[in-house]
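# Close look at the chain arrangement
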Amino acid sequence: MAHPLWPLFDLRLRTERLTLRLPTDDDLVVLAALAKSGVHAPDEMPFASPWTTLPSPAFERGFVQFHWTQRGAWKPEAWNLELMVEADGRPIGSQALFARDFAILRRVGTGSWLGLPYQGQGFGKLMRLAVLALAFDGLGAEVAETEAMVDNPRSAGVSRSLGYEEDGVGRLAPLGLARDTQRFRMTRAGWTARPRPAVEIEGIEPCLELFGAGPAP
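Residue numbers here run from 1 along each chain, matching the order of that chain's written sequence. pLDDT decides what is reported in this predicted model: residues at 70 or higher carry local features, side-chain atom pairs at 80 or more are listed and counted, and totals for whole chains, interfaces and linings draw on all residues regardless. Working from all heavy atoms in the structure, the side-chain values ignore hydrogens and water.

Here we take up the sheet that holds strand β2 (residues 19–21). Strands qualify as paired when DSSP identifies two bridges or more between them. Counting from the N terminus, the helices are the DSSP runs of H or I reaching at least four residues and the strands are the DSSP runs of E reaching at least two. If you walk across this open sheet you meet the 9 strands as β7-β8-β6-β5-β4-β3-β2-β1-β9, and the pairing is mixed. A strand with exactly one partner marks an edge of an open sheet, and here the two such strands are β7 (165–172) and β9 (200–202). Averaged over neighbouring strand pairs, the angle between their axes works out to 25 degrees when direction is ignored. Across 6 bridges, the pairing between β7 and strand β8 (residues 179–187) is antiparallel. Paired with G170 across the strands is T181, a residue of β8. Throughout, a residue-residue contact means that at least one pair of heavy atoms, one from each residue, lies within 4.5 Å. All axes here are fitted lines through C-alpha atoms, helices being fitted over the stretch that makes contact, and every angle between N-to-C directions spans 0 to 180 degrees. In the packing of helix α2 (residues 58–72) onto the sheet, contacts are made with β3 (78–87), β4 (90–100) and β5 (107–114), and the angle to β3 comes to roughly 125 degrees. Sitting on the sheet, helix α4 (residues 123–138) is in contact with β1 (12–14), β2, β3, β4, β5, β6 (143–149), β8 and β9, with an inclination near 35 degrees to β4.

Below you can see the structure in the form of structure tokens.
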């Protein structure tokens, strides 16, 4: 069903193994339960904000409020697309693509999480690939950036395998303890320099204005 008032609900990114789409409120219930069941080991914190440490029901309420906030605060000058990732019709995680002043900077960032049962199967790389295809091929991005804790080699490995280059060191303190991060950057030239698995982008045309993007080059 088409959503003329919010066409982002019709946006689909499809790979051979995954489909990425904006979750409905019913989907958020399932996603929250998946996230609460675990997305990292108890002694790890791979995120800039320690959202996974909240107890129930604050965790579940905060989870859905976060997604609602991204919809409600959306504007072409500042947006955060939080997509549900499905494998065989089953939610397995979430992949974000976000930007500020995209019409001018043509720069995006990414973030993601996967349920523990679905890690180590190549899904993390494939879902990042899907949103990079949206950014570079669909929206005309020029730069993609990401960041990972230096003790999170899996995230860094995904970035390197996709062709990102190291771009300096940062610092975050998600639990009040300062930790170094590795920053990564990919340009359009880096994106087009190697063959990529096919990504089908469906329903993008009505969304271009919402992203602050003109027709892709």
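This part covers the environment of R21. Position of R21 relative to the elements: it lies in strand β2. It is 13 Å that separates the C-alpha atoms of R21 and L31, two residues lying 10 residues apart in sequence.

Looking now at the nonpolar core. In plain words, nonpolar cores are sets of buried Ala, Val, Leu, Ile, Met, Phe, Trp, Tyr and Cys residues tied together by side-chain atoms within 4.5 Å. For each residue, the accessible area found with a 1.4 Å probe, counting protein chains only, is set against the maximum for its type, and the residue is called buried under 20%, exposed over 50%, and partly exposed in between. In this structure, L139 and F211 are the most contacted members of the largest nonpolar core, which totals 58 residues. With 11 residues, α4 is the largest single contributor of residues to this core.

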